[in-house]
Amino acid sequence: MLKLRLKRIGRKKQPCYRIAVMENRSRRDGATKKEVGFYDPINSSKTKLNMKEIIKLMRNGAKATPTVCTLLYTIELFNELLEEINEELELIETITYSTIQEHNDLLNEIIEGG
């Protein structure tokens with residue numbers, strides 16, 4: 001079974017990890033099938049993920065370890081959630097503005113007519 005795991009690279013007290021596809025029985029730093037990302041816990045701006053490849057592998061049956069799942073959630077999915085929330089807020093703002101305009105038009109008609 002294939003797993004998405006962290007493979008440690010870097011120096012002592014300065015960890016860096018590659019997100020790698022490995023057999024579940026191989027060692028942490030053992031042979032990899034494919035590398036699909038890079039994670040630096042000290043400087044998170046250097047983190048890079050090949051999301052298309054990760055999604056493709058997971059659809060084909062590769063399982064992610066809990067640590068990789070957390071990493072995927074905090075980095076990529078969080079950004080997508082923020083984009084969705086911003087779109088919803090813009091929609092709410094548009095609806096609110098249009099209903100206020102409608103109420104103002106109704107009030108003007110009532111005042112002018114009565």
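Structure's up top.
Trainee: What am I meant to see in the environment of Thr96 here?
Mentor: Mapped onto the elements of the fold, Thr96 is located in helix H2 (residues 66–113). C-alpha of Thr96 to C-alpha of Pro41: the two residues are 55 residues apart in sequence and 42 Å apart in space.

Trainee: Just checking my understanding: could you explain unusual backbone geometry for this structure?
Mentor: The phi angle of most residues is negative, glycine excepted, and most peptide bonds adopt the trans form. At Lys13, a position not held by glycine, the phi torsion is positive, near 65°. Topologically, Lys13 is positioned in the loop between strand E1 (2–11) and strand E2 (14–23). The exposed category is assigned to Lys13, whose relative accessible area is 71%.

Trainee: What exactly am I supposed to notice about the nonpolar core here?
Mentor: Taken as a class, soluble globular proteins show a tendency for nonpolar side chains to be buried jointly. Counting residues in hydrophobic clusters, the biggest one holds 15 residues, and the most contacted among them are Leu4, Ile19, Val36, Ile54 and Val68. For this core, the secondary structure elements donating two or more residues are E1, E2, helix H1 (51–59) and H2. Discounting chain neighbours no more than four positions away, the residues touching Leu4 are Ala20, Val21, Val36, Ile54, Leu57, Met58, Lys63, Ala64, Thr65 and Val68.

Trainee: What's the story with H1 in this structure? I'm lost.
Mentor: Since the α-helix advances by 3.6 residues per turn, residues separated by three or four positions end up pointing in the same direction. Among all positions in H1, only Met51, Glu53, Ile54 and Leu57 are buried. Buried residues of H1 fall within an arc of 160° about the axis and therefore sit on the same side. Counted as exposed and oriented over 90 degrees from the buried face of H1: Lys52 and Arg59. Phi for Gly61, located one or two positions after H1, is positive at around 110°.

About the thresholds
- Residues numbered from 1 in each chain as written.
- Predicted model: local features only at pLDDT ≥ 70, side-chain atom pairs only at ≥ 80, totals over all residues.
- Heavy atoms only, no water.
- Helix = DSSP H or I, 4+ residues; strand = E, 2+ residues; numbered from the N terminus.
- Buried < 20%, exposed > 50% of the residue type's maximum accessible area, 1.4 Å probe, protein only.
- Core = buried A, V, L, I, M, F, W, Y, C linked by side-chain atoms within 4.5 Å.
- Contact = heavy atoms within 4.5 Å.
- Arc of directions from axis to C-beta.

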